[in-house]
Amino acid sequence: MQNYLIKNISIVNEGSIIVGDVLIKNNRIEKIGSNIQPSIIVKEINGEKKHLLPGAIDDQVHFREPGLTHKATIYTEAKAAIAGGVTSFMEMPNTIPPAFTHDRLQEKYQIAANTSLANYSFFMGTSNDNADEVLRTNERKKEICGIKIFMGSSTGNLLVDNYLTLDKLFRESELLIATHCEDEKIIKANLEKVKQQKAILTAADHPIIRDEQACFESSLTAIQFAKKYNSRLHILHISTEKELQLFTNLIPLAEKRITAEVCVHHLHFTSDDYAQSGNLIKCNPAIKAPHNREALWKALVDDRLDVIATDHAPHTLEEKGFYRNENGSLVAYAGEKGSYEKSHAGLPLVQHPLLMMLFHAKEGRISLEKIVEKMSHAVATCFNIADRGFIREGYYADLVIADLDKPSIITQQNILYKCGWSPLESTIPNKKELSFPATITHTFINGRLVYGNRDFDESQKGQRLLFNR
């Protein structure tokens, strides 16, 4: 196996930035220091004027396999993730069929073992009637990232709204419980109200239908269950200012029993962007009014929000109600084919979260150290991931090199998602070209240079994440 020495690079890790060398040997970080003189044969990488980050760990993605592989596969989306500096992912159970049994869950692990270039884990899915099967994860808590409860969903039988089932899961689960929190009754009532007022709905109605109250009430319910049993609760994709009162920064992260995630699109877009992007940015929970985004940024920086993720959820352009014209621009279909009701909810984002956060770092919203904390360190701490998420001697060498002096833009040609589009493209009509201030140049997975200057080494696959529980 090739060993590496990264020389004279700015190492962003655990609250500081220092210039030094990093020696990678046999999958792991062998040594961190100055002027390292290796006793083994290495390939040397000049890190001058570049930054070394621990690989991002995305705790919420939808890679669509099995059953929806026309949108995405574990192989395609993991490859896209690596190009963006995401070295590990945790994937959600709402595939077809859903991961409601351990046999179904194991099938997904086997697909990843055979095809994923990134490291991986998969959530166990819950329904109103599979609690006993879900609780078998207690026997495998070192091998499975957590269980997922959709406390607001209208897709198949993924919605868990039986309070006896919820009570049993929160009472007996020894794993982290990740929740999608939106109140289905509030959403349905809002939808009927809007339909009475308008003949034709648009994407701008989405945050009115899936409003702040729907998020708050559901999050509050989850927290009440968690506090009743001291469960380990992790609420996904917080999108509202109102929900932030439910979380604290007065407890060290490692001691928190209730944690919260924020997603890059809720930090980047607001409801003002529906006028330009329409259904391309339709997602659940909805992107909401600007005051929510400002509150999310404040809560992220002051540690009420604990981790940053993508909720990567690819759909084809046709499923979003769009097509590419002869110039490559994204254009909405007219009529029912491009309607709000027909458009699927979700955004493809896993290739670009680091670039998005580096953009906001240049804008002065967040520091490099805080980006690394929220996208790597905190995720590893939150989930008790073994030997990853930090640049430490003895840890796996999941590392990313970024050139902060090499701007980049997102185009149809450099998007690696199987769905072939991004809400960050400059090909959206009348959209101002968004230039990102950095480029991801290298990504190491378990000590292997899997991605280097747009070339991939696919000779080996990623590893299954393990957890110190």
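The structure this text deals with has already been given above.
Keep in mind the model is a prediction, meaning the values are calculated, not measured.

A. Structural context of the overall build of the chain. What the chain contains, in helices and strands, is 13 helices and 20 strands. Expected size for 469 residues packed as a compact globule is a radius of gyration near 23 Å; at 21 Å, the chain falls within 12% of this value. Dimensions of the chain along its principal axes, counting C-alpha atoms only, are 75 × 55 × 40 Å. Within the chain, the proportion of its 469 residues that are buried is 60%. Look at the contacts in the chain between residues 6 or more apart in sequence, and 76% of them connect residues 24 or more apart. Element-wise, carbon and sulfur atoms account for 47% of the exposed surface of the chain, whose accessible area totals about 18100 Å².

B. Fine view of the environment of Gly152. Mapped onto the fold, Gly152 is located in the loop between strand E10 (147-150) and helix H4 (163-172). Overall, Gly152 belongs to the buried group, its relative accessible area being 3%. Put simply, Gly152 and Cys215 are 63 residues apart on the chain and 8.8 Å apart in space, counted from C-alpha to C-alpha.

C. Here's a closer look at the pattern of salt bridges. Using the criterion set out here, one finds 29 salt bridges in the structure. Ionic pairing is found between Lys168 and Glu172, a salt bridge with its closest N-O pair at 3.3 Å. Linking Lys168 with Glu172, this pair stays in helix H4, spanning four residues, or about one helical turn. Residue classification places Lys168 among the partly exposed positions, given a relative accessible area of 23%. Overall, Glu172 belongs to the partly exposed group, its relative accessible area being 32%. Linking Arg365 and Glu294 is a salt bridge whose minimum nitrogen-to-oxygen distance equals 3.1 Å.

D. Just the pairing of E10, in detail. Alternating residues of E10 divide into Ile147 and Ile149 and Lys148 and Phe150, and every residue in both groups is buried. In this sheet, E10 lies alongside strand E9 (residues 124-125) in parallel orientation, the contact comprising two bridges. From the neighbouring strand, Met124 faces E10, where its bridge partner is Ile147. By the bridge criterion, four bridges tie E10 to strand E11 (residues 177-180) in an arrangement that is parallel. Looking at the pairing, Ile147 lines up with Ile177 of E11.

E. Here's a closer look at helix H7 (residues 212-229). For H7, which comprises 18 residues, the first-to-last C-alpha distance of 26 Å matches the rise-based estimate of 26 Å (1.5 Å per residue) to within 8%. Those residues of H7 not exposed but buried are Ala214, Cys215, Phe216, Ser218, Ser219, Thr221, Ala222, Ile223, Phe225 and Ala226. Buried residues belonging to H7 abut H4, E11, helix H5 (184-197), strand E12 (233-235) and strand E13 (258-263). Put simply, Asp211 is the residue that caps the front of H7, since its side-chain oxygen is 3.3 Å from the backbone nitrogen of Gln213. Trailing H7 by a residue or two, Asn230 shows a phi angle of about 55°, which is positive.

F. Inspection of the pairing of strand E6 (residues 56-61) at higher detail. Judged by how many residues are buried, E6 sits mostly within the fold: six of six residues are covered. A crossover links E6 with its parallel partner strand E7 (residues 86-91), the connecting element being helix H1 (residues 74-83), and its sense is right-handed.

G. Region of the structure containing the nonpolar core. Within the largest apolar cluster, 100 residues are counted, with the highest numbers of intra-cluster contacts made by Phe89, Phe170, Leu305 and Met357. Considering every element that reaches this core, the biggest residue donor is helix H12 (residues 353-362), with seven residues. Formed by 19 residues, the second largest nonpolar core is a distinct cluster that contains Phe123, Ala378, Ala380 and Leu465.

Each value, and the rule that gives it
- Residues numbered from 1 in each chain as written.
- Predicted model: local features only at pLDDT ≥ 70, side-chain atom pairs only at ≥ 80, totals over all residues.
- Heavy atoms only, no water.
- Helix = DSSP H or I, 4+ residues; strand = E, 2+ residues; numbered from the N terminus.
- Rg over C-alpha atoms; globule rule 2.2 N^0.38 Å.
- Buried < 20%, exposed > 50% of the residue type's maximum accessible area, 1.4 Å probe, protein only.
- Contact = heavy atoms within 4.5 Å.
- Areas by Shrake-Rupley, 256 points an atom, 1.4 Å probe, with all protein chains shown as cover.
- Salt bridge = Lys/Arg side-chain N within 4 Å of Asp/Glu carboxyl O.
- Pairing = 2+ DSSP bridges.
- Expected span 1.5 Å × (residues − 1).
- Polar contact = N/O pair within 3.5 Å; in protein donor to acceptor, adjacent residues only side chain to side chain.
- Right-handed = clockwise from strand over helix to strand, strands pointing away.
- Core = buried A, V, L, I, M, F, W, Y, C linked by side-chain atoms within 4.5 Å.

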